[in-house]
Amino acid sequence: MSVQRTTATGGMETSFGFRQVGEGDKQPLVDEVFHRVAGRYDLMNDLMSAGMHRLWKEGLVSWLNPPKRGAWKVLDVAGGTGDIAFRIVEASGRNAHATVLDINGSMLAVGRDRAAKAGLEANTEFVEANAEQLPFADDVFDAYTIAFGIRNVPRIDAALAEAYRVLKPGGRFLCLEFSEVDMPLLDRAYEAWSFNAIPRIGQIVAGEAEPYAYLVESIRKFPNQQNFAAMVATAGFERVTWRNYSAGIAALHSGWKL
Ligand SMILES: C[S@@+](CC[C@H](N)C(=O)[O-])C[C@H]1O[C@@H](n2cnc3c(N)ncnc32)[C@H](O)[C@@H]1O
């Protein structure tokens, strides 16, 4: 696959998967994808990643280590159906309060239903808004998380600047995203799986392949670990580091607002 990843200097705002689109055109296309997949999103996540997304998400939650006592608020951006938020709340012994923010009402509707079924309504709230322009005051959250969301946001630098703004001094930024695989053999197998199997599974399970082709392509366009770390640091975060999961299929970036 000769598709070039974007770098720390930009390019994601005008790439919709492998397609070049005009400025301002990406977000509506992304929204359409998630309106279409919302109902099957959680099932497809399990099928597409062979359940691996659960381990990676658990990795995020354990690195975050949410406290079991004291007021503590996390903002989970591009939180979709609430998967990360629910895990954080449970890991805190239902102490944490999680705000799930997403631009897509269809994804949030699934999340609200899941929160109600799990009895997590008191610990969660759902906000429909854009990661590039958060409807919160400065310095209000103890942690900001975003999982498999940032590559869908057109202006990543704007989203990172907003993450920095709404975090309290001392607050933690954690971003889980698909990244660059550092084992060539595994990368080839992963590529074959991604480009052949995933759209087919989408066709069979959800009745359409196209949205899943976008999800796979957008992974290949997203900046690699080093370049994304540079973007996080440029937004003002300190002690920026990352850890790879499954040889870099996913990477978890961490930074602090100090
Ligand atoms: C792949 S899903 C991830 C959902 C969830 N975080 C998870 O890990 O299961 C990506 C989410 O990003 C959301 N999204 C895309 N652009 C966004 C934006 N500009 N602001 C907020 N959310 C956005 C989509 O609506 C979608 O719910």
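Our structure is the block above this text.
So, a few notes on the structure that sits alongside this text. Chains are numbered independently. Their residues run from 1 in the order of the written sequence. The predicted origin of the model limits local features to residues at a pLDDT of at least 70 and limits the giving and counting of side-chain atom pairs to 80 or more, whereas totals for whole chains, interfaces and linings rest on all residues. Side-chain metrics rest on all non-hydrogen atoms present in the structure, leaving aside hydrogens and water.

With that settled, consider the overall build of the protein chain. Scanning the protein chain for helices and strands turns up nine helices and nine strands. Reported as C-alpha extents along the three principal axes, the dimensions of the protein chain are approximately 50 × 40 × 35 Å. Put simply, the protein chain has 258 residues, and 52% of those count as buried. Residue contacts follow a heavy-atom distance rule, with two residues in contact if any of their heavy atoms lie within 4.5 Å. Sequence separation of at least 24 residues holds for 75% of the intrachain contacts in the protein chain that already meet a minimum separation of 6. Areas reported as accessible are Shrake-Rupley estimates using a 1.4 Å probe. Residue values count occlusion only from the protein chains shown. Summed over all atoms, the accessible surface of the protein chain reaches about 11100 Å², with 52% contributed by carbon and sulfur. Only four residue types enter the tally: Lys and Arg on the positive side, Asp and Glu on the negative side, with His and both chain ends excluded. Where a charge lies is defined by one atom per residue type: Lys uses NZ, Arg uses CZ, Asp uses CG and Glu uses CD. Positive and negative side-chain charges in the protein chain, numbering 27 and 31 respectively, have mean positions lying 5 Å apart. Helix and strand assignments follow DSSP, with helices taken as H or I runs no shorter than four residues and strands as E runs no shorter than two, numbered in order from the N terminus. When accessible area is computed with a 1.4 Å probe and restricted to protein chains, residues below 20% of their type maximum are described as buried, those above 50% as exposed, and intermediate ones as partly exposed.

Note on definitions. A residue lies near a molecule or strand when any single heavy atom of the residue is within 4 Å of it. Residues in contact with the ligand amount to 20 residues; listed here are only the nearest, A78, D102, N130, A131 and A147. Interatomic distance of 2.8 Å between a backbone N/O atom of A78 and a nitrogen atom of the ligand. Out of a free accessible area of 600 Å², the ligand has 99% covered by protein chains. Of all the secondary-structure elements, those providing two or more residues to the shell around the ligand are α1 (26-37) and α2 (41-49). Per element, the largest residue contribution to the shell around the ligand is three residues, and it comes from α1. Side-chain atoms alone can form a polar contact between residues adjacent in sequence; in general such a contact is a pair of N or O atoms within 3.5 Å, and within protein one must be able to donate a hydrogen while the other accepts it.

One side-chain nitrogen of Lys or Arg within 4 Å of one carboxyl oxygen of Asp or Glu is enough to make a salt bridge. Enumeration according to the criterion identifies 19 salt bridges in this entry. One salt bridge in this structure joins E180 and R5, with 3.2 Å as the shortest N-O distance. Here E180 is found in the loop between β7 (167-178) and α7 (184-206), whereas its partner R5 is found in the segment before β1 (15-16), with 175 residues between them in sequence. Across the pair R151 and E177 runs a salt bridge, and its minimum N-O distance is 2.8 Å. Taken together, the residues R151 in the loop between β6 (141-147) and α6 (156-166) and E177 in strand β7 connect sequence positions 26 residues apart.

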